[in-house]
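# Structure at a glance
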Amino acid sequence: MPSLLRRIIPLLIPVVSATACGGADSPAGPAPTPLGISITVTNPDPVPVLAVPVGAQVSIALTRSGGFTGAVTVSAEGLPTGWTASFAPAQITSGSGTLATVTVPASPTRGNYVVAFRASATGVSDATGVATIRVQ
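Anyway, here's the lowdown on the structure attached to this text. The structure displayed is predicted, hence computed values, not measured ones.

## Some remarks on the side chain of threonine 101
Note on placement: threonine 101 falls in strand S7 (residues 97-103). Residue classification places threonine 101 among the buried residues on the basis of a relative accessible area of 19%. For threonine 101, the contacting residues outside a window of four places in its chain are Val54, Ala56, Gln57, Thr84, Ala85 and Ser86.

And the structure:
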């Protein structure tokens, strides 16, 4: 039996060493950054209404992470009744920004209104930024 162990132990040493050091299945460096998007409203807060019925113009900056290159669509949520939003460009396929024009009806009620802007794209979680729009 001892002679059998002398023959097996040299064969096991490389297997034990590779397993203890992590072997070929160990990650080589930090984990990759996950794909993602985030948005930031870049205007001063609150954004004033420039003219009625034109409304407010809100600049939105998009940040991509993890090498994400897909098209991103931005939409507005929480608009008061009668308000609308349009985006130029409607979809961000390259670059990093869009301009939202929030159209306010002819006789808006004065006050501050919080509007959420949502960026969405296939394969990543949605991102949200907010702007306060002031009607004076």
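## Details of the sheet that holds strand S3 (residues 56-65)
Neighbouring strands of a sheet are bound in pairs by backbone hydrogen bonds; such pairs are parallel or else antiparallel. Pairing is antiparallel in the open sheet, where four strands are placed in the order S1-S3-S7-S5. The two strands at the open ends of the sheet, each matched to only one other strand, are strand S1 (36-41) and strand S5 (84-88). Ignoring which end each strand starts from, the neighbouring axes of this sheet average 30° apart. Inspection of the sheet shows S1 paired to S3 by six bridges, in the antiparallel sense. Residue pairing across strands places serine 38 opposite threonine 63, the latter belonging to S3.

## Let's talk about the sheet that holds strand S4 (residues 72-77)
With respect to topology, five strands assemble into an open sheet ordered S2-S9-S8-S4-S6, the strand pairing being mixed. Looking at the sheet topology across the chains shown, the edges are occupied by strand S2 (47-48) and strand S6 (91-92). Relative to S6, S4 is paired through two bridges, and the arrangement is antiparallel. Among the inter-strand pairings, threonine 73 is bridged to a residue of S6, identified as glutamine 91.

## A word on the nonpolar core
By size, the foremost hydrophobic cluster in this structure holds 27 residues, and its most contacted members are Ile37, Val58, Ile60, Val72, Phe117 and Ile133. Elements supplying a minimum of two residues to this core: S1, S3, S4, S7, strand S8 (111-120) and strand S9 (127-135). With residues near it in sequence (within four places) discarded, isoleucine 60 still touches Ile39, Thr40, Thr42, Val74, Phe87, Ser96, Gly97, Thr98, Ala100 and Phe117.

## Overview of the pattern of salt bridges
Enumeration according to the criterion identifies two salt bridges in this entry. Among the salt bridges present, the one from glutamate 77 reaches arginine 118, with a minimum N-O distance of 2.7 Å. One end of the pair, glutamate 77, is in strand S4; the other, arginine 118, is in strand S8, with 41 residues separating them in the sequence. Between arginine 118 and aspartate 126 there is a salt bridge, and its shortest N-O distance comes to 3.8 Å. Residue arginine 118 is classed as partly exposed on the basis of its relative accessible area, which comes to 26%. Residue classification places aspartate 126 among the partly exposed positions, given a relative accessible area of 41%. Among the ionic contacts, a cluster of salt bridges with common partners joins Glu77, Arg118 and Asp126.

## Concerning the environment of alanine 51
Tracing the backbone shows alanine 51 in the loop between S2 and S3. Accessibility expressed as a relative area gives 36% for alanine 51, which makes it partly exposed. Between the C-alpha atoms of alanine 51 and alanine 106, which are 55 residues apart in sequence, the distance is 9.3 Å.

Cut-off values and rules
Residues numbered from 1 in each chain as written. Predicted model: local features only at pLDDT ≥ 70, side-chain atom pairs only at ≥ 80, totals over all residues. Heavy atoms only, no water. Helix = DSSP H or I, 4+ residues; strand = E, 2+ residues; numbered from the N terminus. Buried < 20%, exposed > 50% of the residue type's maximum accessible area, 1.4 Å probe, protein only. Contact = heavy atoms within 4.5 Å. Pairing = 2+ DSSP bridges. Axes fitted to C-alpha atoms, helices over the stretch in contact; angles between N-to-C directions. Core = buried A, V, L, I, M, F, W, Y, C linked by side-chain atoms within 4.5 Å. Salt bridge = Lys/Arg side-chain N within 4 Å of Asp/Glu carboxyl O.

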